[in-house]
Amino acid sequence: MKNIDLVTAIGRLLHNRQLRIEFEHAPEAVAIRLGLTDADSETFVRLDIGGIARQAEGLLSKRWHEVADLIPETTKELGREGRDLFRFYASNSWPAGHRRHYVDAFNFLKFLKKNDLAIGSANEMKTVRQLATRGYCRKKN
Amino acid sequence: MWRLGVGYRGQFKDWIATRPAEVECLEITAEHFFDAGEQLLQELAGNYPLYVHGLGLSLGTPGPLDRKTLEKFARVARLADAQWISEHVAFTRTSEVDLGHLNPLPCSQQSLDVVVDHALELAEICDRKLILENITTELQISGNLSETEFLNRLCSEAKCGLLLDVTNLFINSKNHQFDAVQWLQEIEPQNIVQLHVVGYSKSRDRYHDHHSNTIQADLMELIETVVHYAPIQAVILERDQRMDEIEEISSELQRLLESIEKHRPRNGDR
């Protein structure tokens, strides 16, 4: 496996739940597998798994708040299940770039549609698609 | 001279268009203007001193900065005629994934070198003074430097200033159990250029930064300590929830003005 730097290793822990489980049980083995240098490995194995888990949870929670604001109709229809469904979708999907929240909302709607789950109006889908592809919504401008 | 203002959001457009007396400056988020809004940006720049704040440059990620993001950021700073620019002491992405939000760096020489190089590059490309913000974090990563030593050296080596988020300092001091005032006193006062403030949120035993609440008394006390300690040039009230509560936001600005004026040293006072 290609060696990685400490920031990349921390990033992996923050977005990969399975790696967090492995790290909790055998941090040294994970450090070796990631090919960290001795100095990075020393810092890595001392990371607090509770702090990592809370930080990881915070990342998903912030994403959910951003997405929920963009798709209020869908969020209302999903009710209490919305957050859990988003978590299921989001843990394997990490959009990149400055439109990531729009892309996240669009991808979440596609995920819901693919799984025949509640979804807001076609107009909401259209608006989010425009935001994801252009960064702004033609109607508002 | 110092200025008081808000973090500009689209929801504030009508309010800001009325030129409220309590708003003396605006901080705009660079990413909000990457795709559109050039005309609005120029209107805002015509009416207010603007500070341009970035969220996604990920200055702590080893390797080159993302060229496209850097160019877009520089363009916004130029259009805004920014008084200064700001980003975070953090990483938001790695070579593998965009985590989308701010994450802490180890306080190590290695991280310091990465952030210093990126900070110098950003300031040079934007041709403006850069200030960097402390983040709130659930994760503390050990390093061979203390956080305050890291920040002082960063300011010195990158020739930048500190955007002290007082709410983040307060939250971290509660969640990680350290003395916020002692932390503050370890920072060189002249490094602190601007403040971010907003009330904290609390659920169970953890404190959070949801940009939602009015400033609580214990947090206001820390803000007063900061403005007495450091020659700040701007204070920005952040708000990302309950955006329609304009009267509340306006009265929060008034509270801040009175409180800061009361505790800020006059010339020759320090």
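Residues numbered from 1 in each chain as written. Chains lettered and ligands numbered in written order. Predicted model: local features only at pLDDT ≥ 70, side-chain atom pairs only at ≥ 80, totals over all residues. Heavy atoms only, no water.

**Considering the pairing of strand β9 (residues 192-197) of chain B**
Residue and element names in this part refer to chain B. Applied cut-off: The rule is simple: take the accessible area with a 1.4 Å probe, protein chains only, and divide by the maximum for that residue type; under 20% is buried, over 50% is exposed, in between is partly exposed. For the purposes of this entry, the term helix denotes a DSSP run of H or I that reaches at least four residues, the term strand denotes a run of E that reaches at least two, and both are numbered from the N terminus. Pairing between strands is defined by DSSP: at least two bridges between them are needed.
In terms of burial, β9 is largely enclosed, as six of its six residues are buried. With four bridges connecting them, strand β8 (residues 161-165) and β9 associate as parallel partners. Paired with L162 across the two strands is I192, which belongs to β9. Pairing geometry for β9 and strand β12 (residues 234-237), over four bridges, is parallel. Across the sheet, residue L195 finds its bridge partner in β12, namely V235.

**Some points on the sheet that holds strand β7 (residues 130-133) of chain B**
All names here are of chain B. Just so we agree on the cut-off: For every element, the axis is a line fit to its C-alpha atoms; helices are fit only across the contacting stretch, and the angle between N-to-C directions ranges from 0 to 180 degrees.
Judged by pairing direction, the barrel is parallel, and its eight strands sit side by side in the order β1-β2-β3-β4-β7-β8-β9-β12 before closing back on the first. Each adjacent strand pair in this sheet contributes to an overall mean axis angle of 25 degrees, direction not counted. Two strands pair when backbone bridges link them, and strand β2 (residues 25-29) and strand β3 (residues 50-53) are joined in this way by four bridges, in the parallel orientation. Bridge assignment links I28 to a residue of β3, and that residue is V52.

**Description of the packing of helix α2 (residues 17-25) of chain A against helix α5 (residues 49-70) of chain A**
Residues and elements named next belong to chain A. Going by this rule: Working definition: roughly parallel below 35 degrees, roughly antiparallel above 145 degrees, roughly perpendicular at 65 to 115 degrees, and oblique for all remaining angles. Residue contacts are counted whenever heavy atoms from the two residues lie within 4.5 Å of one another. Classification used: nonpolar for Ala, Val, Leu, Ile, Met, Phe, Trp, Tyr, Cys and Pro, charged for Asp, Glu, Lys and Arg, polar for all others including Gly.
With their axes 11 Å apart at the nearest point, α2 and α5 run at an angle of 170 degrees to one another. As far as their axial angle goes, α5 and α2 are roughly antiparallel. Counted together, R20, F23 and E24 of α2 and I49, I52 and A56 of α5 form the full contact between these two elements. For the contact of α2 with α5, a count of residues per class yields four nonpolar, no polar and two charged.

**Side note on empty space enclosed by the protein**
Formally: Here the term cavity refers to a set of points on a 1 Å grid, laid over the protein atoms alone, in which a 1.4 Å probe fits but cannot get out; the term pocket refers to an open set having protein on both sides within 12 Å along at least five of seven lines, with lining residues being those that place an atom within 4 Å of a point. Grid points are joined across faces, edges and corners, and a volume is the space filled by probe spheres set on the points.
Inspection of every chain in the model, using the stated rule, returns two cavities of 30 Å³ or more. Looking at the largest cavity, the residues that line it are R63, W94, P95, R100, H101 and D104 of chain A together with D98, L99, G100 and H101 of chain B. With four residues, the top contributor of residues to the lining of the largest cavity is strand β6 (residues 98-103) of chain B. In terms of residue class, the lining of the largest cavity is made up of three nonpolar, three polar and four charged. In this structure, the second largest cavity spans a volume of roughly 40 Å³. Looking at the second largest cavity, the residues that line it are E57, L60, S61, W64, R83, F86 and R87 of chain A. Mapped by element, the contributors of at least two residues to the lining of the second largest cavity are α5 and α7 (81-90) of chain A. Here the lining of the second largest cavity gets four residues from one element, more than from any other, and that element is α5 of chain A. Tallied by class, the residues present in the lining of the second largest cavity amount to three nonpolar, one polar and three charged.

So, to be careful, I would describe these as geometric facts and stop short of saying anything about function.
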